[in-house]
Amino acid sequence: MTALQTTDIVLEARGVSKTYTLNSGLLSGKRTIEAVKHFSLDLKKNEALGLIGESGCGKSTLSRLLLGLEPPTEGSVLLHGEAIGGMSRKGVARILQPVFQDPYSSLNPRETIGEAVERPLWVHGIKDAEVRRKKVAAVIEAVGLPKRTLSSYPNQLSGGQRQRVAIARALVLEPSILICDEPTSALDVSVQAQILNLLNDLRRTMGLSLILISHDLQVVQFLSDRVAVMYFGELVEVGRTEAVMQAPQHAYTQRLLASALDIDPDAGIPALSPPPGP
Ligand code: ADP
Ligand code: MG
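Keep in mind that what you see is a predicted model, and the values were worked out from it rather than measured.

1. Some points on the pattern of salt bridges
Item 1. According to the stated counting rule, one finds 11 salt bridges in the structure shown.
Item 2. Between glutamate 47 and arginine 226 there is a salt bridge, and its shortest N-O distance comes to 2.5 Å. Of the two residues, glutamate 47 is situated in the loop between β2 (30-44) and β3 (48-52) and arginine 226 in strand β9 (residues 226-231); the sequence distance between them amounts to 179 residues. Pair check on accessibility: glutamate 47 and arginine 226 agree, each one buried.
Item 3. Here the salt bridges share partners, and the residues they tie into one network are Asp42, Lys44, Glu47 and Arg226.

The structure is reproduced here in structure tokens:
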């Protein structure tokens, strides 16, 4: 036994809380929202971890804490054992990348897809144009887009293609961890499964660790080795996906499971329920 134990934990939340303070009017004064409460979770190397919970339970807030985009009110986030709050944005970006629900909002309408995917390489100081070109071409191919997409503009692509672009841009710096917050929720039902299959393939071929966040149990179930269940800002249950699905321990998880639609076990891909209406 050595003093320094090697660990396969790549990302860890240690007792993180996030409280927002809102001004709710002249008479009522300040109101606080505890979006995340004393949440502890770890992500292991090559693991796909699902985070499930209904809308407003704090999933996106937790993801921003895990990405180091916001500091927790309490607790800490460790990336490869190092406090993420003390790391540079660029240092974090080389290891950890987000994929959000709506790729359109993060794409510049006047920039081609090739320029958008190349930008992180510029920002990270890759000066050699040929190296950049090769990396962009490789990642566009990896996400299943034809080469001609590189000269397209965002409005010329479908929602599914734009999400593939967002995934390509997240991968171009060759990070080892992706945090995907509702990556299929804005997509047509028929396209959702394609994007999930893509994430699953990329995870294998690139050796990624994934956090997949969704309000939709079936999305999470399809990809995840483990599932964490969030309820009003708290972690209520975490375990192997099969175990949580077959024998949920917490009453809230039991309710979530009971309300989910049946899955066709022969389909290979999930029989996804449509996203909730506006
Ligand atoms: P989810 O992603 O699970 O739908 P969110 O993390 O977006 O949940 O929101 C959790 C709670 O925190 C909600 O009550 C939301 O209104 C509140 N919240 C999230 N972000 C902010 C913010 N920047 N300022 C104030 N309240 C916020
Ligand atoms: Mg959210």
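Further notes follow.
2. Focus on the packing of aromatic side chains
One pair of aromatic rings is described through two measures. These are the centre distance and the angle between the planes.
Item 1. A complete count under the given rule lists 2 aromatic pairs for this structure.
Item 2. Aromatic side chains tyrosine 231 and phenylalanine 232 sit 5.0 Å apart centroid to centroid with 75 degrees between the ring planes, which places their arrangement in the edge-to-face category.
Item 3. Looking at tyrosine 231, the relative accessible area reads 23%, which means it is partly exposed.
Item 4. Classification of phenylalanine 232 as exposed rests on a relative accessible area of 57%.
Item 5. Between tyrosine 231 and tyrosine 252, the ring centres sit 4.1 Å apart and the planes meet at 25 degrees, which makes this aromatic pair stacked. In this pair, tyrosine 231 is assigned in strand β9 and tyrosine 252 in helix α10 (residues 251-259), connecting sequence segments 21 residues apart.
Item 6. Look at tyrosine 252 and you get buried, because its relative accessible area is 3%.

3. A closer look at helix α6 (residues 159-171)
Item 1. Between its first and last C-alpha, α6 extends 18 Å over 13 residues, near the 18 Å set by a 1.5 Å rise per residue.
Item 2. Along α6, 11 of the 13 residues are buried, which leaves the element largely enclosed by surrounding structure.
Item 3. As for α6, its buried residues are in contact with β6 (96-99), α3 (103-106), α4 (113-123), α5 (129-142), β7 (177-181) and α7 (189-206).

4. Some thoughts on the sheet that holds strand β1 (residues 9-23)
Item 1. Judged by pairing direction, the sheet is antiparallel, and its 4 strands sit side by side in the order β2-β1-β4-β5 without closing on themselves. Looking at the sheet topology across the chains shown, the edges are occupied by β2 and β5 (82-83).
Item 2. Across 11 bridges, β1 lies against β2 in antiparallel orientation. Looking at β2, one finds that isoleucine 9 is bridged to lysine 44.

5. Section: the UniProt feature "domain: ABC transporter" (unreviewed entry) in the protein
Item 1. The residues that UniProt annotates with the feature "domain: ABC transporter" (unreviewed entry) are residues 11-257.
Item 2. Within residues 11-257, the helical portion is 38% and the strand portion 28%, while the C-alpha atoms at the span's ends are 27 Å from each other.

6. Let's talk about the site of ligand 1
Item 1. Close to ligand 1 lie 13 residues, the nearest being Gly56, Gly58, Lys59, Ser60 and Thr61.
Item 2. Contact between ligand 1 and glycine 56: an oxygen atom at 2.6 Å from a main-chain N or O atom of the residue.
Item 3. The side chain of arginine 64 places a nitrogen or oxygen atom 3.3 Å from a nitrogen atom of ligand 1.
Item 4. Isolated, ligand 1 exposes 560 Å² of accessible area, and the fraction of that covered by the protein chains is 64%.
Item 5. Elements with a contribution of two residues or more to the shell around ligand 1: β1, β2 and α1 (59-66).
Item 6. In terms of residues, the shell around ligand 1 owes the most to one element, α1, which gives 4 residues.

7. A word on the sheet that holds strand β10 (residues 234-240)
Item 1. One open sheet holds the 6 strands; their spatial order is β6-β7-β8-β3-β9-β10, and the pairing between them is mixed. Of all the strands in the sheet, the pair left with one neighbour each is β6 and β10. Taken over all neighbouring pairs, the strand axes of this sheet differ in orientation by 15 degrees on average, direction set aside.
Item 2. With 4 bridges connecting them, β6 and β7 associate as parallel partners.

8. Some words on the side chain of glutamate 47
Item 1. When its relative accessible area of 6% is taken as the criterion, glutamate 47 is described as buried.
Item 2. Within polar-contact distance, the side chain of glutamate 47 engages the backbone nitrogen of lysine 44 at 2.9 Å.
Item 3. When sequence neighbours within four positions are dropped, the list of residues in contact with glutamate 47 reads Asp42, Arg203, Leu208, Ser209, Leu210, Asp225 and Arg226.

9. What about the nonpolar core?
Item 1. In terms of nonpolar packing, the biggest core is built from 34 residues, with Val117, Ile167, Leu178 and Leu199 touching the most fellow members.
Item 2. Counting only elements with at least two residues in this core, the list comes to α4, α5, α6, β7, α7, β8 (209-214) and α8 (217-223).
Item 3. In terms of residue count, α7 provides more of this core than any other element does, 6 residues in total.
Item 4. Among residues more than four places away in sequence, those in contact with isoleucine 167 are Val99, Val143, Ile195, Leu198, Leu199 and Leu202.
Item 5. Counting 28 residues, the second-largest nonpolar core is a separate cluster that includes Phe39, Leu49, Leu79 and Ile84.

Cut-offs used in this document
- All residue numbers here refer to positions counted from 1 along the written sequence of the relevant chain.
- Chains carry letters and ligands carry numbers; both start at the beginning, A for chains and 1 for ligands, and go up in the order they are written.
- Owing to the predicted nature of the model, reporting of local features is limited to residues with pLDDT of at least 70; listing and counting of side-chain atom pairs is limited to 80 or more, with chain, interface and lining totals taken over all residues.
- As a convention, hydrogens and water are excluded, and side-chain values are obtained from all of the structure's heavy atoms.
- Any Lys or Arg side-chain nitrogen located within 4 Å of an Asp or Glu carboxyl oxygen qualifies as a salt bridge.
- Going along the chain from the N terminus, every DSSP run of H or I of four or more residues is numbered as a helix, and every run of E of two or more is numbered as a strand.
- The buried label goes to any residue with under 20% of its type's maximum accessible area, the exposed label to any with over 50%, and the partly exposed label to all in between, with areas taken from a 1.4 Å probe on protein chains only.
- Pairing of aromatic rings covers Phe, Tyr and the six-membered ring of Trp, with a centre-to-centre limit of 6.5 Å; geometry is then stacked below 30 degrees between planes, edge-to-face above 60, and tilted otherwise.
- For a helix, the expected span equals 1.5 Å multiplied by the residue count minus one.
- Contacts are residue-level and defined by heavy atoms, with any inter-residue pair within 4.5 Å sufficient.
- Here, a strand pair is defined by DSSP locating no fewer than two bridges between the strands.
- UniProt positions are given in the numbering used here, feature names are shortened, and annotations may be inferred rather than shown by experiment.
- Consider each residue's heavy atoms; a residue with any of them within 4 Å of a molecule or strand counts as near.
- Polar contact criterion, stated in full: a pair of N or O atoms within 3.5 Å, where within protein one must be able to donate a hydrogen and the other to accept it, and residues adjacent in sequence count only if both atoms are side-chain atoms.
- Accessible surface is estimated by sampling points in the Shrake-Rupley manner with a 1.4 Å probe; for residues, cover comes only from the protein chains shown.
- For helices, the fitted axis covers only the stretch in contact; all axes are lines through C-alpha atoms, and the angles between them, taken along N-to-C directions, range from 0 to 180 degrees.
- Grouping buried Ala, Val, Leu, Ile, Met, Phe, Trp, Tyr and Cys residues that are joined through side-chain atoms within 4.5 Å yields what is termed a nonpolar core.

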